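Observations on chain architecture
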Amino acid sequence: MATTLRIASWNINSVRARIDIVERFLREEAPDILCLQETKVADPLFPEGPFRQLGYNHIVINGQPMHHGVAILSKVPLANRQAHDWQANGEARHVGVELRGGVRLENVYVPAGGDIPDRNENVKFGQKLDFLARMTEWSGSLSAPTILTGDFNVAPLETDVWSHKQLLNVVSHTPIEVEALGGLQAAGKWVDLAREFVPPQEKLYTWWSYRAQDWETSDRGRRLDHMWVTPDLKDKAVGHKTHKPCRGWGKPSDHVPIVTEFRI
DNA sequence: ATGGTCGAACATCGA
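Residues numbered from 1 in each chain as written. Chains lettered and ligands numbered in written order. Predicted model: local features only at pLDDT ≥ 70, side-chain atom pairs only at ≥ 80, totals over all residues. Heavy atoms only, no water.

Section: the pattern of salt bridges
Using the criterion set out here, one finds 16 salt bridges in the structure. Of the charged contacts, one joins D130 and R119 as a salt bridge, the two residues approaching to 2.6 Å between their closest N and O atoms. Within this pair, whereas D130 is found in helix 3 (residues 123–139), its partner R119 is found in the loop between strand 7 (104–109) and helix 3, the two being separated by 11 residues in sequence. Assessed through its relative accessible area of 29%, D130 is described here as partly exposed. Using a relative accessible area of 41% as the deciding quantity, one classes R119 as partly exposed. (Salt bridge = Lys/Arg side-chain N within 4 Å of Asp/Glu carboxyl O. Helix = DSSP H or I, 4+ residues; strand = E, 2+ residues; numbered from the N terminus. Buried < 20%, exposed > 50% of the residue type's maximum accessible area, 1.4 Å probe, protein only.)

Pasting the structure below:
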């Protein structure tokens, strides 16, 4: 019998610095599973206690000191942990698990890619494109029904950024990245769930820079965080929410959580 | 056109 499963994803920009708002989010929203990116903590120092106290006893982490790092915190069992190194440089940017019914949940933190959108001038941009290329290759070989979520660091649609024109040459919305993400999406026949629930004509953001004087008034956001599924799961998704108020909480992340409700 | 802010860890890098 199908039951409800609510899966959240949040780039937290240090899980230790933001443990208070993570707890608040889990108390208020109570998703079954939370995927975190940018945990910025080595595995032995990961703060499991607060999660366990809230009933998230199934914990799968892939961290490293200082930078990057991903984690899956869950109230329901997780099996068959896998971690891909899609950048082939040892950075902790992916962890995946199997859920009930053989559904795979893949949590990814795509490299931001530096400031200059040219792989000849900027190694990081090349690494970002290579990462997406390896994900594309992987996408073509999937057999299980799969949920792919996380910080993709690409805002593909014109309505995924505050100004398409002004961001054409800004890493995250350049045509070369949008094309790379499109190739990835096509290779896995991935369904962009947020856009199943919010029409592509409507502006939708998940990230607002720390550098704005007033993020809410200027509203210069981008939709960098995504929840994609293989076609067999498309109709299992019954709701999707972007938690914009979290951007206004004390000591916020620059990203807000997204939550999708499935009947699986 | 430019600079604006965070966290980790303690100068600077990555975002």
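Considerations on the sheet that holds strand 4 (residues 70–74)
With mixed pairing, the six strands of this open sheet are ordered in space as 3-4-2-1-14-13. Two strands close off the open sheet at either side, each with one partner strand: strand 3 (58–62) and strand 13 (237–242). Strand-to-strand twist of the sheet, defined as the mean angle between neighbouring strand axes without regard to direction, takes the value 10°. In the sheet, strand 3 pairs with strand 4 via five bridges, with the strands oriented antiparallel. By the bridge assignment for strand 4, I59 is matched with L73. (Pairing = 2+ DSSP bridges. Axes fitted to C-alpha atoms, helices over the stretch in contact; angles between N-to-C directions.)

A closer look at unusual backbone geometry
For A30, which is not glycine, the phi torsion reads 45° and is therefore positive. Secondary-structure assignment places A30 in the loop between helix 1 (19–29) and strand 2 (33–37).

Section: the sheet that holds strand 7
The strand order across the open sheet built from six strands is 5-6-7-8-12-9, with neighbouring strands paired in mixed fashion. Each edge of the open sheet is held by one strand with a lone partner, namely strand 5 (79–82) and strand 9 (191–192). Judged from the two bridges that link them, strand 5 and strand 6 (residues 94–98) form a sheet pairing that is antiparallel. Residue pairing for strand 6: A79 is matched across the bridge by E98. Where helix 3 meets the sheet, it contacts strand 7 and strand 8 (146–151), and its direction lies at approximately 170° from that of strand 7. (Contact = heavy atoms within 4.5 Å.)

Thoughts on the protein's contact with DNA strand B
Surrounding DNA strand B, one finds 16 residues, the nearest of these being S14, R18, R93, Y210 and R211. In DNA strand B, atoms within 4 Å of the protein come from the sugar-phosphate backbone in 67% of cases. In the model, a phosphate oxygen of DNA strand B is placed 3.4 Å from a nitrogen or oxygen of the R18 side chain. R211 has a polar side-chain atom sitting 2.5 Å from a base nitrogen of DNA strand B. A class-by-class count of the residues in the surface near DNA strand B yields five nonpolar, four polar and seven charged. (Near = heavy atom within 4 Å. Polar contact = N/O pair within 3.5 Å; in protein donor to acceptor, adjacent residues only side chain to side chain. Nonpolar A, V, L, I, M, F, W, Y, C, P; charged D, E, K, R; others polar.)

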